[in-house]
Protein chains: 2
Amino acid sequence: RIKASGLKLQLCTNETQATRENFVKKLRAMGFDISVAEVTAPAPAACRLLKERGLRPHLLVHDDLVPEFAEVDKTNPNCVVLGDAAENFTYANLNEAFRLLIGMEKPVLISLGKGRYYKETDGLKLDVGAYMKALEYACDVQAEVVGKPAKRFFESALAELGVPAEQAIMIGDDIVNDVGGAQQCGMRALQVRTGKYR
Amino acid sequence: RIKASGLKLQLCTNETQATRENFVKKLRAMGFDISVAEVTAPAPAACRLLKERGLRPHLLVHDDLVPEFAEVDKTNPNCVVLGDAAENFTYANLNEAFRLLIGMEKPVLISLGKGRYYKETDGLKLDVGAYMKALEYACDVQAEVVGKPAKRFFESALAELGVPAEQAIMIGDDIVNDVGGAQQCGMRALQVRTGKYR
């Protein structure tokens, strides 16, 4: 309906359990007319950041997200990229990421979001933010968050749209990640009472 | 040697991967003349606290520590007790502890120490403090720490000795947990350059 009205649309998601391709496939199956180019997601934003800064990541992410980092040099890592790794959040994998970080002269931890938890059909799950806090504390570092509500993330969505902040409106159900993040960036925002709203 | 000089001795440990019995057995095998009554450890301190406040814990601890909680009612839990669970820090166990906490009207999280990490023969490991931070963040609560450097913990060691703080001296290798904790409690403290000192 938004598209039919002639308005430009960019979908800002913190989804890090799937590539944009699979995310879009799911949405299309639900009847939404959306393309990969219309999706702004943390993984590609992280890839840009890694390239800009010459960083080679060790990935602690969901298996289904790994293809987003196909082009990135991952040999001899000098940073850790943390996503919602779900079943990959094992004791061994967490210790491995920790050891790499603590072994760096200046540990660099990049987190694809900082959510506390989310709901799945079988109940609530700890989100990436909780594991980010664990590594931050153990290594005495502060993670760089890519994804909502980071200002930079909204700016890249605006760049994709080719629209200044004042002419854009963010619509979302999360008061901090969606509404707060967009406002910090000069956009107006609208909170909908769906999804996680309560 | 301390004992031969006629001084009283109490061993304050944050060990939470073994019962006091097994901890003492290990020390005796190394040639130290020490008894269970001479050990102040987080698990029994937590048991006292649970009893005082009528709390029934869900345990996320090391298998070898569970016997310390044998006398405690663990049905229908109204708090979570977190220790260095090591291999028990699985994704499933962390989600389970989280769900219990977030389901409580006022989540109560008791942590047996707040160490960042420690060294084992096969490398560095995340300590209980890191997992404590993850649950604190996810549930927006502050954990109550039992063990060093908590003031209460040193006070119970002093009570065991029957000695006022001014007449006691704490000897340890950790500037925060050992020296800082003891000083906060009015004791003098001496840092030795062994163990984790660097």
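Residues numbered from 1 in each chain as written. Chains lettered and ligands numbered in written order. Predicted model: local features only at pLDDT ≥ 70, side-chain atom pairs only at ≥ 80, totals over all residues. Heavy atoms only, no water.

As recorded in an unreviewed UniProt entry, chain A goes by the name Phospholysine phosphohistidine inorganic pyrophosphate phosphatase, listed as coming from Oxylabes madagascariensis. Listed under Cofactor (unreviewed entry) in UniProt, the entry text for chain A is "Mg(2+)". Quoted verbatim from the Catalytic activity (unreviewed entry) field of the UniProt record, the comment on chain A reads "diphosphate + H2O = 2 phosphate + H(+)". (UniProt positions renumbered as here; feature names shortened; annotations may be inferred.)

At an RMSD of 0.0 Å, chain A and chain B line up after a rotation of 180° and a shift of 0.0 Å along the axis. In short, the pair behaves as if placed about a two-fold rotation axis. (Least-squares fit on C-alpha atoms with pLDDT ≥ 70 in both.)

The next thing to look at is the interface of chain A and chain B. Counting from both sides, the interface comprises 28 residues of chain A and, opposite them, 28 residues of chain B. Of the roughly 2700 Å² buried between chain A and chain B on both sides combined, carbon and sulfur atoms contribute 64%. When the area that chain A buries against chain B is broken down by residue, the three leading residues are A:Tyr91, A:Leu126 and A:Tyr137, summing to 32%. Between the two partners, chain A and chain B, sit eight residue pairs in polar contact (both at pLDDT 80 or more). Of all elements in the fold, only helix 3 (91-102), strand 6 (117-120), strand 7 (123-126) and helix 4 (128-139) of chain A reach the threshold of two or more residues within the side of chain A that touches chain B. It is helix 4 of chain A that contributes the most residues to the side of chain A that touches chain B, eight residues altogether. (Contact = heavy atoms within 4.5 Å. Buried area = accessible area lost by both parts, 1.4 Å probe. Polar contact = N/O pair within 3.5 Å; in protein donor to acceptor, adjacent residues only side chain to side chain. Helix = DSSP H or I, 4+ residues; strand = E, 2+ residues; numbered from the N terminus.)

Now for the pattern of salt bridges. All told, the structure shown has 16 salt bridges over all chains when counted by the stated rule. As a salt-bridge pair, B:Arg28 and B:Asp33 come within 3.9 Å of each other at their nearest N and O atoms. Accessibility expressed as a relative area gives 52% for B:Asp33, which makes it exposed. B:Lys125 is the salt-bridge partner of B:Glu120, the closest N and O atoms lying 3.0 Å from each other. Accessibility expressed as a relative area gives 32% for B:Glu120, which makes it partly exposed. What you see here is one network of salt bridges that share partners, running through A:Glu120, A:Asp122 and A:Lys125. (Salt bridge = Lys/Arg side-chain N within 4 Å of Asp/Glu carboxyl O. Buried < 20%, exposed > 50% of the residue type's maximum accessible area, 1.4 Å probe, protein only.)

All names here are of chain A. Under the domain assignment, chain A is made up of domain 1 (2-41 + 149-191) and domain 2 (42-145). Computed over C-alpha atoms, the centres of domain 1 and domain 2 are 22 Å apart. Contact with domain 1, which involves 15 residues of that partner, is made by 21 residues of domain 2. Taking both partners together, domain 1 and domain 2 bury about 1400 Å²; carbon and sulfur atoms supply 51% of that area. The largest per-residue losses of area from domain 1 upon contact with domain 2 belong to Thr 16, Gln 17 and Arg 152, which jointly make up 45% of the total buried on that side. The tally of links between domain 1 and domain 2 comes to two salt bridges. Taken together, the connections running from domain 1 to domain 2 amount to nine residue pairs in polar contact (both at pLDDT 80 or more). Only helix 1 (20-29) and helix 5 (151-161) provide two or more residues apiece to the side of domain 1 that touches domain 2. In terms of residue class, the side of domain 1 that touches domain 2 is built from five nonpolar, six polar and four charged. (Domains from an automatic or database assignment. Nonpolar A, V, L, I, M, F, W, Y, C, P; charged D, E, K, R; others polar.)

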